[in-house]
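# Coordinate analysis (summary)
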Amino acid sequence: MMLTLALLLLQVAYVFGCGAPAVKPDANRVVNGEDARPHSWPWQISLQVKHGSRFHHTCGGTLIGPRWVLTAGHCIGPGDVYRVVLGEHDMSQQEGTEQIRDILRIIVHPMWDIDFVADGNDLALLKLDKSPVMNDSVGVACLPEAGEIPVHGAPCYISGWGNLYTHGPMPDKLQQALLPVVEHGVCSRSDWWGINVKSTMICAGGDAVSGCNGDSGGPLNCLGRDGRWYVQGVTSFVSSRVCNEVKKPTVFTRTSAFTDWLSDVMLRY
Ligand SMILES: *[C@@H]1O[C@H](CO)[C@@H](O)[C@H](O)[C@H]1NC(C)=O
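The structure reproduced in this document is the subject of the present report. (Residues numbered from 1 in each chain as written. Predicted model: local features only at pLDDT ≥ 70, side-chain atom pairs only at ≥ 80, totals over all residues.)

## Structural notes on the site of the ligand
Our working definition: Whether a residue is near a molecule or strand depends on its C-beta atom, generated from backbone atoms, being within 6 Å of that molecule or strand. Under the scheme applied here, ten amino acids are nonpolar (Ala, Val, Leu, Ile, Met, Phe, Trp, Tyr, Cys and Pro), four are charged (Asp, Glu, Lys and Arg), and all others, including Gly, are polar.
Surveying the vicinity of the ligand reveals the residues Gly87, Gly96, Thr97, Gln99, Val133, Asn135, Asp136 and Ser137. A per-class count over the shell around the ligand returns one nonpolar, six polar and one charged.

In structure tokens:
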């Protein structure tokens, strides 16, 4: 049974490919955040929470399998009802590319604790009621191999509908910003994040040339040597004072520290 499932997962990954968007992201090293090229991050989803009869965007997330979305543990509130919107670009318009899915199952990392954010494990997996149609506006991101760590300065991109600047408005269009990776040795210096950043996290940005985009649960997208995009991080926390304060990079859950847990959950549920 497990083997059949594993083979099925492999086949699905093979058929659709991962991390290879039909629309190439605009990766020309801009300094601040900007509108993303529509559907160039086709694995980016909008996680929406139900308030009354309406749904509101609350977090980002990443499609990592036909029915699996990766997001942050802190995005999930007990008892709340959520849905996932895929193929979204401009939230203010019906563009005809959106696909809405209900969530069948939510699995928050068992070690995640909102009272101990600095302990890490800020991850959750969402199982969709059914697979979206994979096409030019919806596709899966690649997962890194266990323990793989992008080098210091690696030019990764954060994406999301988060604030454009500190306390700024939420943009309608998906934003992206270049956030170079900051190695753990630097990020954990006492004048940086110190002991608040663990080796199961990855830091990116934190200087004047970085934007303030993206939002919780969304991906840190890094181009692999094979030319595919990998979700190396899940946005976890930022400085509470301002976005991308100097020496206070955005902190992500490091996906490659949780590959066992991810494949375990995706096989089990
Ligand atoms: C992708 O599939 C969805 C759902 O069938 C559809 O609405 C959309 O037009 C398709 N094509 C693109 C480019 O999004």
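Back to the text.
## Side note on the pairing of strand β4 (residues 68–71)
In the case of a regular strand, side chains alternate between the two sheet surfaces. Quick note on the threshold: In this scheme every C-beta is placed from the backbone, and a residue whose C-beta has 20 or more other C-beta atoms within 10 Å is buried, one with 12 or fewer is exposed, and one in between is partly exposed. Secondary structure follows DSSP: runs of H or I at least 4 residues long count as helices, runs of E at least 2 residues long count as strands, and numbering of each begins at the N terminus. Note: two strands are recorded as paired if DSSP finds a minimum of 2 bridges between them.
On β4, burial covers both faces: Trp68 and Leu70 on one face and Val69 and Thr71 on the other are all buried. Note that strand β3 (residues 54–65) and β4 share three bridges and pair antiparallel. Following the sheet pairing, Leu63 is matched in β4 by Val69. In sequence, β3 turns back onto β4 through a hairpin of two residues. Two strands pair when backbone bridges link them, and β4 and strand β7 (residues 124–128) are joined in this way by four bridges, in the antiparallel orientation. Counterpart to Trp68 in the pairing with β7 is Lys127.

## Focus on the environment of Leu178
Turning to its location among the elements, Leu178 is positioned in strand β9 (residues 175–182). On the neighbour-count criterion, Leu178 (22 C-beta atoms within 10 Å) is buried. Counting along the chain gives 22 residues from Leu178 to Cys156, while the straight-line C-alpha distance between them is 5.9 Å.

## With respect to the sheet that holds strand β2 (residues 44–51)
Paired through backbone hydrogen bonds, the strands of a sheet run either parallel or antiparallel to each other. For the record, the criterion: A fitted line through C-alpha atoms serves as each axis, taken over the contacting stretch for helices, and the angle formed by two N-to-C directions is quoted from 0 to 180°.
Read around the closed barrel, six strands run β2-β3-β4-β7-β6-β5, paired in antiparallel fashion. Direction aside, neighbouring strands of the sheet carry axes that sit 45° apart on average. Where β2 lies against strand β5 (residues 82–86), four bridges are found, and the strand directions are antiparallel. Paired with Val49 across the two strands is Tyr82, which belongs to β5.

Geometric descriptors of this kind do not, in isolation, establish any biological role.
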